[in-house]
Every structure is written in structure tokens, then in C-alpha cells.
Amino acid sequence: MDTMKNTEINFASCLKKEPDDETFNRFIDALSGHYPFVLYSSHSYFPAKKTKLIANKISKGLIYVHKNLDTVTCRSFRNIDWNTAVSRQPNSYQLYLHTLNPLCILCEACLAEKEKEGKDFYIKKAVRLFDSWLNFASTPNLSIGNIFIWGDHTVAGRTFVLLLFLLALHRTEAPLEYRKKVYSVILYHGEWLRNDSNYTPTNNHGIMQDRALVFLGVLTGNDEWLNHAVDRLVKQKEISYTREHVHVENSSSYAQMVYTMFMGIQQFLADNGKHSLSYRLGKNSRNYEEYLKWLTMPNGYFVQMGDSGAYRTEHAPPATATKKLYHLSGLYFYISSTADGEDSVNRTYKMFKCGFCSRTHKHADDLSFVLYSKGKDIFTDCGYYGYGKSAYREYLTSALAHNTVTVDNFSYVPYLNDVRCNVIIYNAELNKKYDLTEGVNKLYTGTIIRRSFVSADDMTFIHDRISSDKRHTYSQLFHLNESIEIISASDKEVLLKINDEFTVRLVQYLPAKLSVYTGDIQNPGYGIVSRKTNKLTPTTTLKFDTAGRNGCFITGIFIVDRNNRVRHFDKKLSFENITVDTKSLTVRAGSSAIKLHTIKGEMKFTWLLLKHWIIKFYDRHMKPWLQKRGKKT
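Residues numbered from 1 in each chain as written. Predicted model: local features only at pLDDT ≥ 70, side-chain atom pairs only at ≥ 80, totals over all residues. Heavy atoms only, no water.

Caption draft 1: Representation of the overall build of the protein chain in the model. Along the protein chain, the regular secondary structure elements total 18 helices and 24 strands. Relative to the compact-globule value of 26 Å for 633 residues, the protein chain shows a C-alpha radius of gyration of 28 Å, a close match. Overall, the protein chain is about 85 × 70 × 45 Å in size when its C-alpha atoms are taken along their principal axes. Looking at the protein chain as a whole, 58% of its 633 residues qualify as buried. A fraction of 66% describes how many contacts in the protein chain between residues 6 or more apart in sequence connect residues 24 or more apart. As displayed, the protein chain offers around 27400 Å² of accessible surface, 51% of which is attributable to carbon and sulfur atoms. Across the protein chain, 83 positive and 63 negative side-chain charges occur, with their mean positions spaced 4 Å apart. (Helix = DSSP H or I, 4+ residues; strand = E, 2+ residues; numbered from the N terminus. Rg over C-alpha atoms; globule rule 2.2 N^0.38 Å. Buried < 20%, exposed > 50% of the residue type's maximum accessible area, 1.4 Å probe, protein only. Contact = heavy atoms within 4.5 Å. Areas by Shrake-Rupley, 256 points an atom, 1.4 Å probe, with all protein chains shown as cover. Lys, Arg positive; Asp, Glu negative; His and termini not counted. Charge placed at Lys NZ, Arg CZ, Asp CG, Glu CD.)

Printed below as a string of C-alpha cells:
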């Protein structure tokens with residue numbers, strides 16, 4: 001609270017400083033030369049074709065902050081309640097409100113307007129809106145306690161909005177004194193961003209801060225700001241990616257955003273003659289793009305994972321490679337080759353996930369998978385909805401909203417403690433005819449869940465083994481895409497319609513009890529999916545249950561054509577000729593023998609248990625003993 005108060009007082013005092021004309025004019029010239037970058041970086045989250053429409057509504061007192069969030073009505077900009085936290089995503093609303101997104105929209109409309117009368121109309125509205133916020137932010141008894149005014153994400157985004165505002169003021173020939181006041185506010189933002197006590201060093205918000213500081217460093221000619229931002233960015237890059245060049249924040253959306261920010265900063269530095277800084281930041285940058293390609297489904301959308309929505313990507317999925325294992329990062333991908341005459345959008349795509357090294361944007365999605373084929377996301381991740389505390393977010397981030405195994409209809413908490421032993425892909429055997437990937441989740445108290453995920457082109461087999469010290473109900477979950485129809489459903493088999501040409505046959509080879517849940521968006525739980533912030537859509541969830549101290553599922557998933565045939569690479573097999581031996585855990589598919597379990601995998605799992613026991617013994621006994629004797633641990 002004291003820190004917040006000091007920030008407000010310092011901010012108020014900065015407004016009294018007036019820059020000299022030469023410094024100000026040099027800044028304006030530099031800003032004008034970077035207009036496209038400023039416009040891109042200060043985007044308002046509304047499509048350009050709607051800018052004028054939204055700006056007109058804001059001018060009438062409807063405060064829009066984001067296309068997926070609710071609006072607030074105010075009688076005049078002087079009466080805006082800057083502490084308001086409406087909508088089902090109150091934190092997000094406050095963040096975008098204090099990023100000054102409404103101001104951004106008014107400035108975009110002003111700069112796009114060709115007639116002077118229209119420009120003057122929007123800039124007058126923008127000035128009133130900014131003055132209202134400035135009065136709030138610089139008056140301690142009004143703003144004290146509001147954590148969003150000077151938040152990392154907020155300040156980084158608002159910096160670009162203020163630059164766009166200053167540019168609009170300059171082009172509409174606003175009074176010089178007023179323009180200099182806005183310039184002083186921008187400089188204060190630079191000082192705030194430079195201050196390490198305000199910096200977030202371990203996730204994408206810090207990268208946002210440095211991106212804004214790099215831009216201000218170039219505009220102002222402040223090399224100290226510039227070098228300091230790049231120093232921090234180099235460290236950010238080291239912790240943002242694993243050794244496998246996988247982004248650590250457990251989200252396809254954030255992987256794309258962070259990659260785009262790093263590449264944009266690198267290019268901006270190079271374009272402005274800062275080649276040594278660009279090189280420092282840009283080493284190995286292209287290696288990170290491969291991961292984004294594997295996150296791209298054949299329809300051009302990112303696979304939903306963690307805090308991700310359903311968004312299109314400019315990255316094309318791999319054209320030639322058909323499989324990728326990121327062992328340390330806990331990810332396996334498969335994408336089929338394009339058959340002769342086949343539209344590439346119809347390729348089969350799979351992702352299996354087990355493991356993490358950061359809790360940022362992490363869901364309880366370990367041992368989960370997604371399956372896409374014939375143009376549709378068949379078994380899907382249910383999305384994230386938003387960041388505010390709600391029953392919907394609680395459900396969508398839980399294991400219950402993922403294609404995995406749950407215990408007694410509860411989720412688990414993805415703790416980082418001993419994560420390399422508790423949640424990990426412990427075995428992977430990639431073969432010519434099939435791939436076997438095995439993972440374990442030990443984060444349910446007293447329970448160990450092991451999943452063998454076997455990919456054989458348009459066949460997928462899942463072998464789940466669960467052991468516990470108590471009796472439980474174990475559930476195997478499958479969440480359907482909204483457009484997938486159920487043709488028939490029983491405990492032994494579910495038949496799903498993809499289109500007129502293809503169906504999905506989901507077969508249970510061991511006893512299990514099926515429940516089918518059709519969603520209701522008024523009630524958080526099975527059968528809902530979120531594709532965008534604050535948006536929910538009903539769908540269907542399949543839930544297979546078994547009970548006991550130990551549990552087991554053996555499941556086959558087949559993409560079947562109208563002749564009841566299943567593609568296995570260069571062959572098409574009759575579904576009737578595919579058999580599963582539940583004792584030997586072997587699948588017979590034509591001339592191929594597919595193993596659901598191997599001795600190699602069992603040996604690796606036994607070693608994992610031993611390793612975990614050694615770690616626990618060391619932490620509980622050896623470490624305290626060494627610490628008492630002043631030894632390093």
C-alpha cells in the first residue's frame with residue numbers, strides 16, 4: 001500500500017516538469033517516423049473495420065475495453081468510475097480499462113478520419129477521457145488501493161496507447177502545453193518501466209515491460225534504458241524456453257505471443273541500427289518457431305492448451321515430419337502425411353501432454369490428449385474462459401475439463417514440487433508403425449495414474465493403469481467438439497459422426513460404465529467449452545467409470561470411413577480385423593503387432609519410483625542432517 005501511495009505522489013509531481021522545445025520536437029519527429037509500429041503495438045482488441053463504430057459509442061458514454069467484455073455506461077467522462085470491475089471477468093476489465101483501451105479506440109478513429117471536423121470530434125473526446133484518468137491516477141485519495149493503475153501489464157500496454165494519443169494530439173495541432181504534459185506522463189512511464197522494483201522477471205509481463213522500454217529508449221535516445229531492457233530480455237529468454245525450445249507457460253496462445261514479441265523487438269532494434277543488441281536478443285530465435293508449427297492443427301488454428309482460446313495462426317503445421325517428442329517438456333505430437341488428392345485440412349493431428357516446469361497459465365491437464373481429423377477437432381481441450389475467480393474458470397482449469405483420468409470426480413493441484421518425478425513422460429518408443437508414449441501423474445494423494453498413449457495413424461489406443469491405497473471411482477473423460485454428433489452410445493462403444501464420409505469408433509475393451517453429459521452454459525461442469533474470453537458453448541462429455549483400489553482402461557479410437565476401414569499409413573484395414581488382447585496388451589492390426597506396454601517402459605517406471613524415493617529420503621533425512629552441520633545442500 002505504501003509503495004502504491006509513493007507511486008501516485010511521484011506521478012503527480014512528474015506532471016510539473018516541462019521539457020524543453022528541442023527535446024520535445026526531437027521526440028515528436030522520432031514518434032512520427034514510427035507510427036505504424038505504435039499503431040500495431042497499441043491495438044485495441046477490436047477489428048479495424050469496427051473502430052469508428054466503437055469510437056462513436058464510447059463518445060456517447062459506453063465504455064468499451066475489450067471485444068469480449070461487458071460495457072459500462074457513464075453520463076460523462078468526468079463521471080467514469082475508474083475502480084469499476086464489471087463483467088464476469090472483473091480483473092480483466094480493470095486491466096484493459098487502465099491500459100486505456102477506450103482512449104486507444106478514440107485515437108485510432110481520429111487518425112483514420114480524413115476530415116478535420118471528424119478528427120477534432122474524436123480528439124476532444126480523447127482529451128476528456130485522458131484528463132479523467134489522469135486526475136484519478138494522480139490523486140492519492142482517489143486511486144489508492146487500485147492495483148491495476150501501476151501493474152506490469154497495464155503500464156506496458158498503456159505506454160503505447162499514450163504514444164498513439166500524443167501522435168493524435170500532434171496531428172490535430174493540439175496546444176503545445178498540453179502535448180508536453182502528455183509527453184511528461186510518457187517519460188514517467190519510462191522511468192517506472194526502468195525501475196527493477198516494478199519489474200516482473202519470470203513471465204511474459206516482464207517481456208511486455210521491456211518491449212515498451214526498448215521503444216521508449218530508441219525514441220528518447222536513452223541508451224541506458226535501451227541496454228537495461230535488452231539485458232533483462234536476454235535473461236527472460238533463457239527462462240521462457242526449455243532446452244528443447246518449448247515455451248514454458250503451458251499455453252499455445254502465450255507461446256505465440258511471446259515469440260511474436262521477441263521477434264518484433266529483435267526486428268525493431270535491427271531496423272533502428274541497434275544491430276549488436278538485436279543479435280544478442282535474436283540468437284536461435286528461429287528455433288522457437290518449430291514448436292509453434294507443432295501447436296498448429298491442420299485447419300490453421302492453434303490447439304487449445306492451458307490458458308488458450310481458439311485462434312488462427314500464420315504458422316503452417318509441419319509439411320513433412322509426422323511426429324515430434326519434446327521429452328523434457330512433456331509433449332508428443334503426431335500429424336499424418338497428406339495423401340494423394342487429400343485436402344491438407346483433413347490430416348489427422350494428435351497431442352499428448354504430461355509434464356510442466358512452470359505453473360504460469362497451467363491447467364490440470366496432465367495425461368490429457370486432443371485428437372483432430374477430417375477438418376474437425378474431435379476430442380478437445382475445453383479452453384480457459386478468463387482469469388477472474390469463478391466457478392467456470394475453476395472447472396475449465398481442472399482435470400475434469402480435459403481428456404484425462406480423474407479420481408472421485410475431483411481434480412488435482414499441479415504443484416511444482418518433485419514435478420520431474422510426479423508428472424513426467426517416463427518412456428517413449430517411436431516406431432515406424434506406431435508410437436508408444438507413457439506418462440505418469442502422482443499428484444492425486446495416495447494414487448498413481450499411468451497412461452500409455454499409442455498413436456498408429458488413424459488409430460489411437462489408450463491404456464490407463466491406476467493404483468491407490470484406498471478404494472476410489474476412476475473416470476476416463478472425453479470432451480467432444482461442439483459439432484460432433486453422437487450416433488450411438490453404450491458402455492462398450494460410442495459411435496461419433498465427423499461428416500458424411502467418416503465416423504469415430506471409441507471402443508472400451510474392459511468393463512466401464514458410460515455417462516453422457518450434455519452441457520448447460522448456465523451451470524459450470526461437464527459439457528461446456530470456451531473458445532474465447534468470456535464466451536461459453538455447450539458440448540458433450542463422455543465419462544467412463546470404474547471403481548476399486550486399482551483401475552484399468554483399455555480404449556481404442558478409430559477414424560473409420562464409410563466402408564468401415566481404418567487407415568494405417570499406406571494401408572486401409574477392415575475394422576473387424578483389428579483385435580486387442582487385453583492379457584498380452586497387444587493389438588493386431590493387419591500384419592502389424594502394436595504393443596500397449598513394454599518391458600523397457602516398466603523398467604523406466606521402476607527406476608522413476610526409486611529415484612523419487614531417494615529424493616524424498618534425502619529431503620527428509622540427509623538434508624536436515626547436513627544443514628545442522630553447516631554443510632552445503
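More follows now that the structure is in view.
Caption draft 2: Up close: the packing of aromatic side chains. Tallied over the full model, the rule gives 31 aromatic pairs. Here the aromatic cluster, defined as three or more aromatic residues joined through ring pairs, consists of Tyr332, Phe352, Phe369, Phe379, Phe453, Phe478 and Phe544. Between Lys237 and the ring centre of Phe262, over which it is positioned, the NZ or CZ distance is 5.4 Å. (Phe/Tyr/Trp six-rings, centres within 6.5 Å; stacked < 30°, edge-to-face > 60°. Lys NZ or Arg CZ within 6 Å of the ring centre and 35° of its normal.)

Caption draft 3: Just the sheet that holds strand 22 (residues 578-581), in detail. What the 3 strands build is an open sheet, ordered 22-23-24; its pairing is antiparallel. The sheet is open, and its two borders are formed by strand 22 and strand 24 (592-595), each paired with just one other strand. Strand after strand, the sheet turns through a mean of 20° between neighbouring axes, direction not considered. As defined by bridge partners, strand 23 (residues 586-589) adjoins strand 24 across 4 bridges and the pair is classed as antiparallel. (Pairing = 2+ DSSP bridges. Axes fitted to C-alpha atoms, helices over the stretch in contact; angles between N-to-C directions.)

Caption draft 4: Structural context of the environment of Lys119. Mapped onto the fold, Lys119 is located in helix 7 (residues 116-137). Here the alpha-carbon distance between Lys119 and Thr172, two residues 53 residues apart in the chain, equals 6.9 Å. Excluding its chain neighbours within four sequence positions, the residues that come into contact with Lys119 are Cys110, Leu111, Glu113, Lys114 and Thr172.

Caption draft 5: Spotlight on the nonpolar core. By size, the foremost hydrophobic cluster in this structure holds 110 residues, and its most contacted members are Leu103, Phe130, Leu163 and Phe165. For Leu163, the contacting residues outside a window of four places in its chain are Phe27, Leu31, Val38, Ile186, Phe215, Leu216 and Leu219. One finds Ala364, Val405, Ile466 and Ala512 within the second-largest nonpolar core, a separate group that totals 39 residues. (Core = buried A, V, L, I, M, F, W, Y, C linked by side-chain atoms within 4.5 Å.)

Caption draft 6: Representation of empty space enclosed by the protein within the structure. The full count for this structure, using the stated rule, is 2 cavities of 30 Å³ or more. Looking at the largest cavity, it is lined by 14 residues, and the ones nearest its centre are Val246, His247, Val248, Asn250 and Ser329. When the residues that make up the lining of the largest cavity are grouped by side-chain class, the tally is 8 nonpolar, 5 polar and 1 charged. Volume-wise, the second largest cavity comes out at about 60 Å³. Lining the second largest cavity are Gln304, Met305, Met351, Lys353, Asp365, Ser368, Phe369, Val370, Thr380, Asp381, His402 and Asn403. Counting residues per element, the ones that place at least two in the lining of the second largest cavity are strand 5 (349-353) and strand 6 (368-373). Take the lining of the second largest cavity: its biggest share by element is 3 residues, from strand 6. Residues of the lining of the second largest cavity, tallied by class, amount to 4 nonpolar, 5 polar and 3 charged. (1 Å grid on protein atoms, 1.4 Å probe; cavity = no way out; pocket = protein on both sides within 12 Å on 5 of 7 lines; lining within 4 Å. Points joined across faces, edges and corners; volume = space filled by probe spheres on them. Nonpolar A, V, L, I, M, F, W, Y, C, P; charged D, E, K, R; others polar.)

Caption draft 7: Quick look at the environment of Leu103. Its place among the elements puts Leu103 in helix 6 (residues 101-112). The exposure class assigned to Leu103 is buried, which follows from its relative accessible area of 0%. Taking C-alpha positions, Leu103 is 12 Å from Asn56, a pair spaced 47 residues apart along the chain. Those residues within four positions of Leu103 in sequence are excluded, and the remaining contacts are Ala126, Leu129, Phe130, Val161, Leu162 and Phe165.

Caption draft 8: Geometry of the sheet that holds strand 7 (residues 376-379). Taken in spatial order, the 5 strands make up an open sheet running 3-4-5-6-7, and their pairing is antiparallel. At either margin of the open sheet sits one strand with a lone partner, and together these are strand 3 (323-326) and strand 7. Along the sheet, successive strands turn relative to each other by an average axial angle of 15°, direction set aside.

Caption draft 9: Local environment of the pattern of salt bridges. In this structure the tally under the stated criterion is 30 salt bridges. Of the charged contacts, one joins Asp21 and Lys180 as a salt bridge, the two residues approaching to 2.2 Å between their closest N and O atoms. Of this pair, Asp21 sits in helix 2 (residues 21-33) while Lys180 sits in helix 10 (residues 176-194), and the two are 159 residues apart along the sequence. According to the relative accessible area criterion, Lys180 is buried, its value standing at 5%. Where salt bridges share partners, they join Lys353, Lys362, Asp365 and Asp366 into one cluster. (Salt bridge = Lys/Arg side-chain N within 4 Å of Asp/Glu carboxyl O.)

Caption draft 10: Molecular detail of unusual backbone geometry. Positive phi outside glycine occurs at Leu367, with the angle close to 70°. Residue placement: Leu367 occurs in the loop between strand 5 and strand 6. The phi dihedral of Asp408 is positive, around 55°, even though this residue is not glycine. The topology assignment puts Asp408 in the loop between strand 8 (405-407) and helix 17 (419-422).

Caption draft 11: Representation of helix 12 (residues 223-240) within the structure. With 18 residues, helix 12 should cover 26 Å at 1.5 Å per step; its first-to-last C-alpha distance of 25 Å lies within 8% of that length. Turning to helix 12, its buried residues number three or more, namely Trp225, Leu226, His228, Ala229, Val230, Arg232, Leu233, Gln236, Lys237 and Ser240. Of the surrounding elements, those touching the buried residues of helix 12 are helix 10, helix 11 (204-220), helix 13 (252-271) and helix 14 (275-282). (Expected span 1.5 Å × (residues − 1).)

Caption draft 12: Region of the structure containing the environment of Leu269. Within the fold, Leu269 resides in helix 13. Excluding anything up to four places from it in sequence, Leu269 contacts Val214, Leu226, Val230, Lys274, His275, Leu277, Ser278 and Leu281.

Caption draft 13: Structural context of the pairing of strand 12 (residues 459-479). For strand 12, a buried count of 16 out of 21 residues is recorded, marking the element as mostly surrounded by other parts of the structure. Relative to strand 12, strand 8 is paired through 3 bridges, and the arrangement is antiparallel. The residue bridging Val405 from the neighbouring strand is Gln476, located in strand 12. The pairing of strand 11 (residues 447-456) with strand 12 spans 10 bridges and is antiparallel. Within strand 12, the position partnered with Ser452 by the bridge is His463.

Any functional reading would require information beyond the geometric quantities listed.
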